[in-house]
Amino acid sequence: MSKQELPVLDLAAACCTPMTREPLGEADAAELSRMFKALSDPVRLRLLSLIASHEGGEACVCDLTGPFDVSQPTISHHLKVLREAGLVGSERRGTWVYYWVLPVALNRLSTLLQAPVSTATRT
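Thresholds applied
Residues numbered from 1 in each chain as written. Predicted model: local features only at pLDDT ≥ 70, side-chain atom pairs only at ≥ 80, totals over all residues. Heavy atoms only, no water. Helix = DSSP H or I, 4+ residues; strand = E, 2+ residues; numbered from the N terminus. Buried < 20%, exposed > 50% of the residue type's maximum accessible area, 1.4 Å probe, protein only. Contact = heavy atoms within 4.5 Å. Areas by Shrake-Rupley, 256 points an atom, 1.4 Å probe, with all protein chains shown as cover. Pairing = 2+ DSSP bridges. Axes fitted to C-alpha atoms, helices over the stretch in contact; angles between N-to-C directions. Polar contact = N/O pair within 3.5 Å; in protein donor to acceptor, adjacent residues only side chain to side chain.

Where an unreviewed UniProt entry is consulted, the protein chain appears under the name Transcriptional regulator, with the organism given as Sphaerisporangium melleum.

Structure follows, in structure tokens:
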């Protein structure tokens, strides 16, 4: 699927209420847990960071294999996990596959974890 064919998402529907305001529903918890599980691996977390910080907002898989001490098939597996969790999108262009971070997914995770603003702080 090319970037031009990506569906437009309703950001209000894609985001969720911070869990400090109301409990998560079963379906939201299952979906969000897949995202957090994907990010719980250090290689996948670094891959997401590399993609997000790459010039132009997208990275070729050929640019993602160098910084890691794992094989190319292992990198491909980690990228597949990130894609299936809904954290990155991808597109094949000739021989290479390009990846980009899906902002809606990151917004959803950050919204969920927003702490309430309070004058009292706890440690």
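Overview of the overall build of the protein chain
Broken down by element type, the protein chain carries six helices and three strands. Tracing the protein chain from N to C terminus, the helices and strands come up as α-α-α-β-α-α-β-β-α. Out of the 123 residues in the protein chain, the part that is buried amounts to 30%. Summarising the internal contacts of the protein chain: among those between residues at least 6 apart in sequence, 62% fall at separations of at least 24. Carbon and sulfur atoms provide 55% of the accessible area of the protein chain, an area that totals close to 8100 Å².

Things to note about the sheet that holds strand E3 (residues 96–101)
Sheet architecture is open: three strands sit in the order E1-E3-E2, paired in antiparallel fashion. Each edge of the open sheet is held by one strand with a lone partner, namely strand E1 (58–60) and strand E2 (88–93). Within the sheet, the average angular offset between the axes of one strand and its neighbour, ignoring direction, is 25°. Pairing geometry for E2 and E3, over six bridges, is antiparallel. Along E3, the bridge assignment pairs serine 90 with tyrosine 99. Set on the sheet, helix H5 (residues 72–84) makes contact with E2 and E3; between it and E2 the angle comes to about 125°.

Concerning the environment of serine 110
Position of serine 110 among the secondary structure elements: in helix H6 (residues 103–112). In this structure the side chain of serine 110 is engaged in a polar contact, spanning 3.1 Å, whose partner is the backbone oxygen of asparagine 107.

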